[in-house]
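What follows is each chain in one-letter form.
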Amino acid sequence: MHADIISFQLAASRIGYSSAAAYVARRRSIFPIRVRQIGSKLVCFESDIQEYLRTGESQACLSVPAIKKVVAVKTGRPKMAESLEAGRKGLTVTQLRKSKAGVQ
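As the structure is a prediction and not an experimental result, all values here were calculated from the model.

This next bit is on unusual backbone geometry. Non-glycine residue serine 29 carries a positive phi angle of around 60°. On the accessibility criterion, serine 29 (48% relative accessible area) is partly exposed.

Shown next, in the form of structure tokens:
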């Protein structure tokens, strides 16, 4: 591994973020250092850290976007309107939810 590349967690600690706070900031696109992805690893360049510490200018817009978790099918207790809609269509609530989500 190149000496200029450091792990995301180490970069976070270098600028005073806890690991959890760094991941939250990254997910919200406000982590101030450019984050890159090499394979499945999140990394930062030492030069980006030095630039941020020198200028104080955020590089968040240059980072790879965080993957947003998407739930394909809604779960939980249905609302009355959802139950009635399923009944009108002759489906169960689960079948209605899957049809709305485009899941087979």
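Okay, back to it.
Of the strand pairs in this sheet, strand E1 (residues 5-7) and strand E3 (residues 41-45) are connected by three bridges, and their pairing is antiparallel. The residue of E3 that forms the bridge with isoleucine 6 is cysteine 44. What sits between strand E2 (residues 36-38) and E3 in their antiparallel hairpin is a turn of two residues, with glycine 39 showing a positive phi close to 65°.

Before going further, it helps to spend a moment on the nonpolar core. Ranked by size, the top nonpolar core spans 13 residues in total, and within it Phe8, Phe31, Ile33, Val35, Cys44 and Ile49 carry the most contacts. Of all the secondary-structure elements, those providing two or more residues to this core are helix H1 (8-14), helix H2 (19-27) and E3. In terms of residues, this core owes the most to one element, H1, which gives three residues. Ignoring any residue separated from it by four or fewer positions in sequence, one finds valine 35 in contact with Phe8, Arg26, Leu42, Val43, Cys44, Ser63 and Val64.

If you check which residues of helix H4 (residues 80-89) are buried, you get Glu82, Glu85 and Ala86. Burial along H4 is one-sided: seen end-on, the buried residues are contained in an arc of 100°. Exposed and facing more than 90 degrees away from the buried side of H4 are Met80, Ala81, Gly87 and Arg88. At its buried positions, H4 is contacted by helix H5 (93-101).

Cut-off values and rules
- Residues numbered from 1 in each chain as written.
- Predicted model: local features only at pLDDT ≥ 70, side-chain atom pairs only at ≥ 80, totals over all residues.
- Heavy atoms only, no water.
- Buried < 20%, exposed > 50% of the residue type's maximum accessible area, 1.4 Å probe, protein only.
- Pairing = 2+ DSSP bridges.
- Helix = DSSP H or I, 4+ residues; strand = E, 2+ residues; numbered from the N terminus.
- Core = buried A, V, L, I, M, F, W, Y, C linked by side-chain atoms within 4.5 Å.
- Contact = heavy atoms within 4.5 Å.
- Arc of directions from axis to C-beta.

Geometry only, nothing functional implied.
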